[in-house]
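Commentary on secondary and tertiary structure
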Amino acid sequence: MNKNNINNLNENSPKNILVLGGSDGIGLAICKVYEKLGYNVYITSRSIIENSNKFVFYSLDATKEESWQKFIKDINEKNIIFDIIVNTVGILHDDKNNIFPEKSIKNLNSNFFMQNIEVNTLVSALCMKYLVECINKNKNTIIAHLTARLGSISDNNIGGWLSYRASKAAQHMVIKTTSIELGRNYKKLIIIGLHPGTVDTKLSKPFQKSAKKVFTAQESAIKLMTVINNLEFKDTGKIFDYTGSIVPY
Ligand SMILES: NC(=O)c1ccc[n+]([C@@H]2O[C@H](COP(=O)([O-])OP(=O)(O)OC[C@H]3O[C@@H](n4cnc5c(N)ncnc54)[C@H](OP(=O)(O)O)[C@@H]3O)[C@@H](O)[C@H]2O)c1
């Protein structure tokens, strides 16, 4: 990565950003940052949320193909093309069923494991399958999936949290594989993973005590925007942390 600001390479037309799972947490903070930069901000959520004068909301359960099909039909009918797509959909624990990341393999719960794969991995793959219809081959485009350093296989020194780690490692494979395939035809597309740091959201709430530093969602969103801003085409397929340093696979 260097200071070659990819956003400056785009023509001066109004830009569109789509944030998946943007009704809360880091996603909502990213929306606010880009709204201030003059972007048209589109948000998806499972909840029905009224459109505000700042953001356009769409209902999407990103784990379900039927929901994607309906969403993409709506977007295509309006001829909306996205310049930046940020996928912030993810889970770490299951509040409703009181299930938390595994401290030991003995705690493995197959439903929770599959839920992690569905939300943390499958959503990234579906995002690539469907949203490729809503980008322009001739325009610089960035698709960033929020991930976690815990998904790094080579950086795993303490074990634990098996379902989350496995689903995020698999998410990295989705990022790398789709970057290779789509890179053949979409020469101006950059697909990356972004580790946001430990951030004060409902996802991290039960685990913040053990973190060295906890960012507000706004702090993290500004750092992630800076990383996105400094991307180059050769960065596609890579995973970055909030400082712009590479997270190894
Ligand atoms: N917070 C941290 O410390 C931290 C650290 C490392 C990585 N991350 C990653 O950053 C991303 C965003 O996390 P966050 O902290 O902003 O969490 P968050 O506030 O809980 O937001 C996650 C979003 O995921 C969507 N979601 C959750 N469960 C879902 C399900 N079962 N099906 C479909 N969508 C679901 C929700 O969107 P709707 O309810 O609006 O549909 C929610 O807004 C995640 O990928 C997470 O792994 C976070």
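Provided above is the structure to which this section pertains.
Quick look at the structure, then. (Residues numbered from 1 in each chain as written. Predicted model: local features only at pLDDT ≥ 70, side-chain atom pairs only at ≥ 80, totals over all residues. Heavy atoms only, no water.)

**Observations concerning the packing of helix 4 (residues 110-131) against helix 5 (residues 162-183)**
A pair of packed helices is characterised by two quantities: the angle between their axes and the separation of those axes. Cut-off, in case you're wondering: Note on geometry: axes are C-alpha line fits, over the in-contact stretch for helices, and angles between N-to-C directions span 0 to 180 degrees. In this description a helix means any DSSP run of H or I spanning at least four residues, a strand means any run of E spanning at least two, and both kinds are numbered starting from the N terminus. To sort the angles, those under 35 degrees are grouped as roughly parallel, those over 145 as roughly antiparallel, those from 65 to 115 as roughly perpendicular, and the leftovers as oblique. In this scheme the handedness of a crossing depends on how the near helix is turned from the far one: anticlockwise by less than a right angle means left-handed, clockwise means right-handed. Any two residues whose heavy atoms approach within 4.5 Å at even a single point are treated as in contact.
Packing of helix 4 against helix 5 leaves a shortest axis separation of 9 Å and a crossing angle of 15 degrees. When the axes of helix 4 and helix 5 are compared, the pair comes out roughly parallel. As for how helix 4 packs across helix 5, the hand of that crossing is right-handed. On the side of helix 4, the interface is formed by Phe-112, Phe-113, Asn-116, Ile-117, Asn-120, Thr-121, Ser-124, Ala-125 and Met-128, while helix 5 contributes Ser-163, Tyr-164, Ala-166, Ser-167, Lys-168, Ala-170, Gln-171, Val-174, Thr-178 and Leu-182.

**A look at the environment of Gly-151**
With respect to the secondary-structure elements, Gly-151 resides in the loop between strand 5 (141-146) and helix 5. For the pair Gly-151 and Lys-168, spaced 17 residues apart in the sequence, the C-alpha separation amounts to 4.4 Å. Not counting chain neighbours up to four residues away, the residues in contact with Gly-151 comprise Arg-165, Lys-168, Ala-169 and His-172.

**Let's talk about the sheet that holds strand 6 (residues 189-195)**
The criterion, for reference: When DSSP locates at least two bridges between a pair of strands, those strands are taken to pair.
Read from one edge to the other, the open sheet built from seven strands follows the order 3-2-1-4-5-6-7, with strand pairing classed as parallel. The sheet terminates laterally at strand 3 (55-59) and strand 7 (239-241), the two strands that pair on one side only. Mean inter-strand twist for the sheet, computed between neighbouring axes without regard to direction, equals 20 degrees. Two elements, strand 5 and strand 6, share six bridges in a ladder whose sense is parallel. Looking at strand 6, one finds that Ile-143 is bridged to Ile-191.

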